[in-house]
Protein chains: 2
Amino acid sequence: MALATRATKDAALHAMAGALLAASEAVLAANAEDVARAEAAGTPAGVVDRLRLTAERLEAMAQGLRDVAGLPDPVGEVVRGSTLANGLELRQVRVPFGVVGMIYEARPNVTADAAGICLKSGNAVLLRGSSSARSSNAAVVEVLRDAVATTGLPADVLQLVPGESHDSVKALMRARGLVDVLVPRGGAGLIRSVVEESTVPVIETGVGNCHVYVDAAADLDQALAIVLNSKTHRTSVCNAAESLLVHADLAESFVPRVVEALTAAGVTVHGDAGFATYDGVVEATDDDWAAEYLSLDISARVVDSVDAAIEHIRRFSSGHTEAIVTRDQAVARRFVAAVDSAAVLVNASTRFTDGGEFGFGAEIGISTQKLHARGPMGLPEMTSTKYVVTGDGHVR
Amino acid sequence: MALATRATKDAALHAMAGALLAASEAVLAANAEDVARAEAAGTPAGVVDRLRLTAERLEAMAQGLRDVAGLPDPVGEVVRGSTLANGLELRQVRVPFGVVGMIYEARPNVTADAAGICLKSGNAVLLRGSSSARSSNAAVVEVLRDAVATTGLPADVLQLVPGESHDSVKALMRARGLVDVLVPRGGAGLIRSVVEESTVPVIETGVGNCHVYVDAAADLDQALAIVLNSKTHRTSVCNAAESLLVHADLAESFVPRVVEALTAAGVTVHGDAGFATYDGVVEATDDDWAAEYLSLDISARVVDSVDAAIEHIRRFSSGHTEAIVTRDQAVARRFVAAVDSAAVLVNASTRFTDGGEFGFGAEIGISTQKLHARGPMGLPEMTSTKYVVTGDGHVR
């Protein structure tokens, strides 16, 4: 795979897209089995919806594969290069990791997304989806493997790991030397267990307790729009806001206004004493500050200064995304420098922390760890590097 | 620490260098205790030598700190930047990890090196040296902490972790959320145990089973010089060659010549059938191919092709450094593309895989893992990044 040319890899991606659409009947039938099983088991409607494939969603999966084909090949990119004093030529070049293990929950579209991104970045991928999507994943992977094989690449660069029991996850986590990196995508429990038990290096993704801090010098119309968009644009995603901090100077001018707007949008505000006096606000408990609701809920607190906001974020944030709304340049600089999260936004919605929004064209997840990749991960983040050093008989 | 300016950090580094020399009497006296204890315990002379400090070695430690002060500050470097279609400004900026844990053996100069590199890259560092160097390390760290405190930075950015028992290593490995990254430096056993037991992300360093492959199209004089330099320039280091592969076409023209030269240099050749017929060659066993001798020993094998050399390397290499000697451009390209190691050298000695030789100016170790950093690690490798996104009220 490391030696495959971009032309070959792009041909495989287009073949995969075409095959997925050509086999849509079989894939949708397999998906219907998963959906029926989930419904029979009394699975909540929201979860069933994430499991469900439609002709439209299959088309989006195919388009995703074609989009990845259109992106530059990260493999071979020269990251750093120079000629040393002794004439040695030094090049740091991107290379594939080798074998990537993906452990993910429910949504079968991740199967095609991950397969496409790993193939383009020159990696073989072991896909371990959830058992609730087993029929869908098996159908999708079979179609994609057959398509890959038609382009001269081995079908085995894409493999589905049996998802019936936890044993296969354990085997992946212990496959040091065989699997180069594991990427868990899903709930906090899944991610924590992989991080703690794996001897294979892990890229932790996705838990987002994101904050919006409205500074004393905020444009209040902008602040209102950003809070609403961050909280309500889509609630089930990791870059949705879960906590609102408002400067004490705005206790009267902004707090009642934002409570009213959030409440009107169906949001339950879990507020401290500065918020709790307003209609509809529920008193916040200590658990609220660290909660990733993923629902129409938000915790809210009045703080005395930007430093108090920074301190609150340091204590409770998951390190995903925090936003500040301010017109004060010095305050913005202070917040950006002192907040240690994967993304810090100034006068913009937390919802922008996203590989698509950042222009990466494809995203395998959003890393909340500091090693290797932090924030949205595109194709370059799915590679390692090596140094290539060329001389003509150089010795020390 | 993340907010410290370059000027402050460089002042601290110069203060550390000056204080180390000013306190040389006390540091050397503390070191003499370690040396006496090691000698009384019957420690091999080579190990005692690595433990020993001299006025000259202290001067080198001080110069190392001054050199780090002269290097650019990695913190704040913009790695990637663009303005998105909607006008949002996107910047990926280098930031410190936070807290780095260093676990290392014997040599007390690592204490000053690691302290300097971590301080310049904006990290706090927990230094866990070996108990054999405990008096030296305590003396060095006390001097460095006092020096740091004179420049307005907190002394606690440098801390020595008690090294008397394995409990403190265990505590570091379990300090997820408190320690951001662990860097073990030392023998294979130490590194393996940290990699397997740590829940804190680890950067694996240093085990080197490095190969030199002499191709059919090699310049034989160059090949001889590169083999000798790679093996004998310094045997105790991770970038020394441990294994020699020679193309079958050179069985008569080169094999006897390289055996004679290696033997004359005091090297024991552990050879396969193609080598074993020559005087002084010891027959290789299966264990030899994977051995990191770190001594005047080398395993040697005749291979039928560059692909056979690549296959041997894939099977036995530790992924540190491999060199090819050839005048054939196509063979060099094939070897560089197919060998998956941190450094691949063409017509140059394996001894060049080194932060100093690469022009990085300082090195915290050589990573042999694929995540985050691979090969010699300088200041930029001791940082993470964050995305800073600036808008004027942007919502989705």
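Residues numbered from 1 in each chain as written. Chains lettered and ligands numbered in written order. Predicted model: local features only at pLDDT ≥ 70, side-chain atom pairs only at ≥ 80, totals over all residues.

(A) Main features of the overall build of chain A. Per the secondary structure count, chain A includes 14 helices and 16 strands. At 23 Å, chain A has a C-alpha radius of gyration in line with the 21 Å of a compact globule built from 396 residues. With the principal axes as the frame, chain A shows a C-alpha extent of 70 × 70 × 35 Å. The buried share of chain A, taken over its 396 residues, is 54%. (Helix = DSSP H or I, 4+ residues; strand = E, 2+ residues; numbered from the N terminus. Rg over C-alpha atoms; globule rule 2.2 N^0.38 Å. Buried ≥ 20, exposed ≤ 12 C-beta atoms within 10 Å, placed from the backbone.)

(B) Quick look at the interface of chain A and chain B. In this complex, chain A contributes 57 residues to the contact, which on the side of chain B involves 57 residues. Tallying contributions element by element places strand β16 (residues 383-394) of chain A first for the side of chain A that touches chain B, with 11 residues. Class assignment for the residues of the side of chain A that touches chain B results in 28 nonpolar, 19 polar and 10 charged. Across 5 bridges, strand β13 (residues 343-348) of chain A lies against strand β16 (residues 383-394) of chain B in parallel orientation. What sits directly across from Leu345(A), in β16(B), is Val389(B). (Contact = placed C-beta atoms within 7 Å. Nonpolar A, V, L, I, M, F, W, Y, C, P; charged D, E, K, R; others polar. Pairing = 2+ DSSP bridges.)

(C) Quick look at the relation of the copies chain A and chain B. Note on the identical chains: chain A maps onto chain B by a rotation of 180° and an axial translation of 0.0 Å, with an RMSD of 0.0 Å. A rotation of that kind, with that shift, is consistent with a two-fold axis. For chain A, the smallest separation between a C-alpha atom and the rotation axis is recorded for His372(A), amounting to 1.8 Å. Comparing interface residues between copies, 100% of those in chain A also sit at the interface in chain B, which points to an isologous, same-surface contact. (Least-squares fit on C-alpha atoms with pLDDT ≥ 70 in both.)

(D) Summary view of the domain arrangement of chain A. According to the domain assignment, chain A contains domain 1 (6-204 + 369-389) and domain 2 (210-352). Of note, the centres of domain 1 of chain A and domain 2 of chain A, computed from C-alpha atoms alone, are 34 Å apart. (Domains from an automatic or database assignment.)

(E) Just the environment of Val110(B), in detail. All names here are of chain B. Here Val-110 lies in helix α5 (residues 109-120). Taking the C-alpha atoms as reference points, Val-110 and Leu-296, separated by 186 residues in sequence, lie 25 Å from one another. Those residues in contact with Val-110 that sit more than four places away from it in its chain are Tyr-104 and Arg-185.

(F) Quick peek at the packing of helix α1 (residues 6-22) of chain A against helix α5 (residues 109-120) of chain A. Residue and element names in this part refer to chain A. Contact geometry of α1 with α5 gives a least axis separation of 9 Å together with a crossing angle of 165°. Relative to α5, the element α1 lies roughly antiparallel. Between α1 and α5 the crossing geometry is right-handed. From α1, Lys-9, Ala-12, Leu-13, Met-16 and Leu-20 reach across to α5, where they touch Ala-112, Gly-116, Leu-119 and Lys-120. (Axes fitted to C-alpha atoms, helices over the stretch in contact; angles between N-to-C directions. Parallel < 35°, antiparallel > 145°, perpendicular 65-115°, else oblique. Left-handed = near helix turned anticlockwise from the far one by under 90°.)

(G) Representation of unusual backbone geometry in the model. Even without being a glycine, His372(A) presents a positive backbone phi close to 75°. Following the sequence through the fold, His372(A) ends up in the loop between β14 (365-367) and β15 (375-377). One non-glycine residue, Leu294(B), lies in positive phi territory at about 55°. By secondary structure assignment, the location of Leu294(B) is in the loop between α12 (286-290) and β11 (297-303).

(H) A look at the pairing of strand β6 (residues 181-185) of chain A. Residue and element names in this part refer to chain A. Taken across its 5 residues, β6 has 5 buried, putting it largely inside the fold. Of the pairings in the sheet, the one linking strand β3 (residues 99-104) to β6 comprises 5 bridges and is parallel in character. Following the sheet pairing, Val-100 is matched in β6 by Val-181.

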